[in-house]
Amino acid sequence: MFFDEIIDDTYEVSEYPALAGLAQEWLETRPFAGMRVLAATPVFRNTLVQYRALLAGGADLSVGISNDSDAGAEMPCDSGIVALLRESNIPVFGLQDALKAESRGEGFDLILDCAGQFSVCHPKYGFVELTRSGVQFYENSEKPVFVADSGIVKRIETSLGTGEGYVRALLQLGYGNVGRNGADAGNDGAAFAGKSFVVFGSGKVGQGIVLQLLREGAHVQVVTDKARGVSPFLDANDVPVADCNDLKSVVALVSAADFVVTATGVKGALDRPELTAALLSSKAVLANMGVEDEYGSSVPAGRVLAEKKPLNFILEEPTHLKYIDASLALHGALGELLVREAADASDKKNAGPMDPPSELEQRILSMTMQDGLIGPEIAEMLSL
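First things first, this report covers the structure right here in the doc. (Residues numbered from 1 in each chain as written. Predicted model: local features only at pLDDT ≥ 70, side-chain atom pairs only at ≥ 80, totals over all residues. Heavy atoms only, no water.)

### With respect to the overall build of the protein
Okay, step 1: When you go through the protein residue by residue, the secondary structure sums to 13 helices and 12 strands.
Okay, step 2: Counting across all 384 residues of the protein, residues that qualify as buried make up 56%.
Okay, step 3: Taking as baseline every contact in the protein between residues at least 6 positions apart, the subset at least 24 positions apart corresponds to 65%.
Okay, step 4: Between the centroid of the 31 positive side chains of the protein and the centroid of its 53 negative side chains there is a distance of 3 Å. (Helix = DSSP H or I, 4+ residues; strand = E, 2+ residues; numbered from the N terminus. Buried < 20%, exposed > 50% of the residue type's maximum accessible area, 1.4 Å probe, protein only. Contact = heavy atoms within 4.5 Å. Lys, Arg positive; Asp, Glu negative; His and termini not counted. Charge placed at Lys NZ, Arg CZ, Asp CG, Glu CD.)

Here you go:
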């Protein structure tokens, strides 16, 4: 199959048990045979494993990138992997390319989207959106849209993988103590022992960042909307929580912090004059881990690591494959479900966003826990 050498030289099958299982199944069932499928997952080395599974299922595969998109958020990509795809005769489309193809009668049957990049297209069977932040672009869709981020599987990526990617990116940039395994790496090898972090947001991504920072010995405080409730996870770990509307307290936290990271999922969430002033005068290292610019236009891009893009995207592998495998597998499996249900006249889907079926999520989760490397981590996450 495609990309075997790169994938087999880089990964163990135990790092992608769900995608491996689907690829083996799809080689026999060929659910996408003869169908034009656009996969708009952020293009990095680990997404080759998703492409291989779709190709095993018979897809006439194209890959989507956001080089010209004004629909949805701009997503980073690995230019080397994009070049590899083109060398392998796999078409790479921006939004305008996709719309021109539609105008020629060469539109897609299925779009596996991310952050709503291709939401204005008109695939025959519908969309699968990978992220919660992309749902806003599909609220008025005339096509059915499964949202892979609506259930438990996506928590593996966001609660475990994204937080780990944030810490790994900071270490790559030289922040923290001398590496996790070094003799000089702080207390018991903790990379951020004694450092103070302020995390904006207490959803799946925010909690995942908090979890990783606590493991690295950091002192963590969270800013969130208390009116929406405080996570039991934060209470259980004695993490101080400030209300986002208590600007005096929030400004004080930012002013004293060593690091500030945003994970609210809301564009311009920190765009308040008092808070902007505190951010600009603070000594803190600023980063964003959301798809949108959460700092707002008053904070220059150069003041935030990676020019306000999600910090883990500076890494060769932004989220380790072992953490993103289940999400990518669900992304594809929901596409298979859309196609299958479209063929069943008795089960027509409504237009607009839908949650994934719990039984499909449980299947993907079982494959990941039984055959993958991170079963114990998932069990711990589910207990939080």
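### A closer look at the sheet that holds strand S11 (residues 285-288)
Okay, step 1: With parallel pairing, the five strands of this open sheet are ordered in space as S9-S8-S7-S10-S11. Both outer strands of the open sheet, strand S9 (241-243) and S11, are each paired with one neighbouring strand and no more. With strand direction ignored, the average angle separating the axes of adjacent strands in the sheet is 20 degrees.
Okay, step 2: Examined bridge by bridge, strand S7 (residues 196-200) and strand S10 (residues 259-262) share four bridges and lie parallel to one another. Looking at the pairing, Val-198 lines up with Val-260 of S10.
Okay, step 3: Relative to S10, helix H6 (residues 154-172) is tilted by about 140 degrees, and along the sheet it contacts S7, S10 and S11. (Pairing = 2+ DSSP bridges. Axes fitted to C-alpha atoms, helices over the stretch in contact; angles between N-to-C directions.)

### Focus: the packing of helix H2 (residues 17-29) against helix H11 (residues 321-342)
Okay, step 1: Two numbers describe how H2 lies on H11: the axes approach to 7 Å, and their chain directions differ by 30 degrees. On the basis of the axis angle, H2 is roughly parallel to H11. Packed against H2, whose contacting residues are Pro-17, Ala-18, Leu-19, Leu-22, Glu-25 and Trp-26, the element H11 presents Asp-325, Ala-326, Leu-328, Ala-329, Gly-332, Ala-333 and Glu-336 at the interface.
Okay, step 2: Taken together, the residues of the contact of H2 with H11 sort by class into nine nonpolar, one polar and three charged. (Parallel < 35°, antiparallel > 145°, perpendicular 65-115°, else oblique. Nonpolar A, V, L, I, M, F, W, Y, C, P; charged D, E, K, R; others polar.)

### As for the pairing of strand S1 (residues 36-39)
Okay, step 1: Taken together, the four bridges between S1 and strand S2 (residues 60-64) define a ladder with parallel strand orientation. The residue bridging Leu-38 from the neighbouring strand is Ser-62, located in S2.
Okay, step 2: Read as a crossover between parallel neighbours, the route from S1 over helix H3 (residues 48-56) to S2 is right-handed.
Okay, step 3: Pairing analysis gives three bridges linking S1 to strand S4 (residues 110-113), with the strands arranged parallel. The residue of S4 that forms the bridge with Leu-38 is Ile-111. (Right-handed = clockwise from strand over helix to strand, strands pointing away.)

### A few points about the packing of aromatic side chains
Okay, step 1: All chains considered together, the criterion is met by nine aromatic pairs.
Okay, step 2: Between Phe-44 and Phe-313, the ring centres sit 5.5 Å apart and the planes meet at 40 degrees, which makes this aromatic pair tilted. With Phe-44 in the loop between S1 and H3 and Phe-313 in the loop between S11 and H11, the pair connects residues that are 269 residues apart, well separated along the chain. Phe-313 matches Phe-44 in its accessibility class, with the two residues each being buried.
Okay, step 3: Between the aromatic rings of Tyr-166 and Phe-197, the centroid separation amounts to 6.4 Å while the plane-to-plane angle is 85 degrees, which identifies the pairing as edge-to-face. Of this pair, Tyr-166 sits in helix H6 while Phe-197 sits in strand S7, and the two are 31 residues apart along the sequence. A single burial state applies to Tyr-166 and to Phe-197, both of which are buried.
Okay, step 4: Here the aromatic residues Tyr-166, Tyr-175, Phe-192, Phe-197 and Phe-259 are joined through ring pairs into a cluster of three or more. (Phe/Tyr/Trp six-rings, centres within 6.5 Å; stacked < 30°, edge-to-face > 60°.)

### Digging into the sheet that holds strand S6 (residues 144-147)
Okay, step 1: The sheet built from seven strands is open, its strands ordered S3-S2-S1-S4-S5-S6-S12 with parallel pairing. The open sheet terminates on both sides in strands that have one partner only, identified here as strand S3 (92-93) and strand S12 (352-354).
Okay, step 2: Across the face of the sheet, H3 comes into contact with S1, S2 and S4 while running at roughly 155 degrees to S2.

### Considering the side chain of Thr-262
Okay, step 1: When you line up the elements, Thr-262 lands in strand S10.
Okay, step 2: A distance of 2.7 Å separates the side chain of Thr-262 from the side chain of Asn-288, its partner in a polar contact.
Okay, step 3: When residues no more than four places from it in sequence are discounted, the contact partners of Thr-262 are Phe-200, Leu-270, Ala-287, Asn-288, Met-289, Gly-290, Glu-294 and Tyr-295. (Polar contact = N/O pair within 3.5 Å; in protein donor to acceptor, adjacent residues only side chain to side chain.)

### Here's the deal with the pattern of salt bridges
Okay, step 1: With the rule as written, the count across this model stands at 14 salt bridges.
Okay, step 2: Close ionic contact of Asp-4 with Arg-52 constitutes a salt bridge, the shortest N to O distance being 2.6 Å. Residue Asp-4 is located in helix H1 (residues 4-10), and its partner Arg-52 is located in helix H3; the two are separated by 48 residues in the primary sequence.
Okay, step 3: Relative accessible area serves as the criterion here: at 9%, Arg-52 is assigned to the buried category.
Okay, step 4: For the salt bridge of Asp-293 with Lys-308, the shortest nitrogen-to-oxygen distance reads 3.1 Å. Taken together, the residues Asp-293 in the loop between S11 and H11 and Lys-308 in the loop between S11 and H11 connect sequence positions 15 residues apart. (Salt bridge = Lys/Arg side-chain N within 4 Å of Asp/Glu carboxyl O.)

### Description of helix H13 (residues 375-383)
Okay, step 1: Buried residues of H13: Gly-375, Glu-377, Ile-378 and Met-381, and no others. Seen from one end, H13 has its buried residues packed into an arc of 160 degrees, which puts them on one side. In this structure, H13 carries Pro-376 and Ser-383 as exposed residues pointing more than 90 degrees from its buried face.
Okay, step 2: Buried residues along H13 sit in contact with H6, helix H7 (204-215), H11 and helix H12 (358-371). (Arc of directions from axis to C-beta.)

Nothing here speaks to function; it is all geometry.
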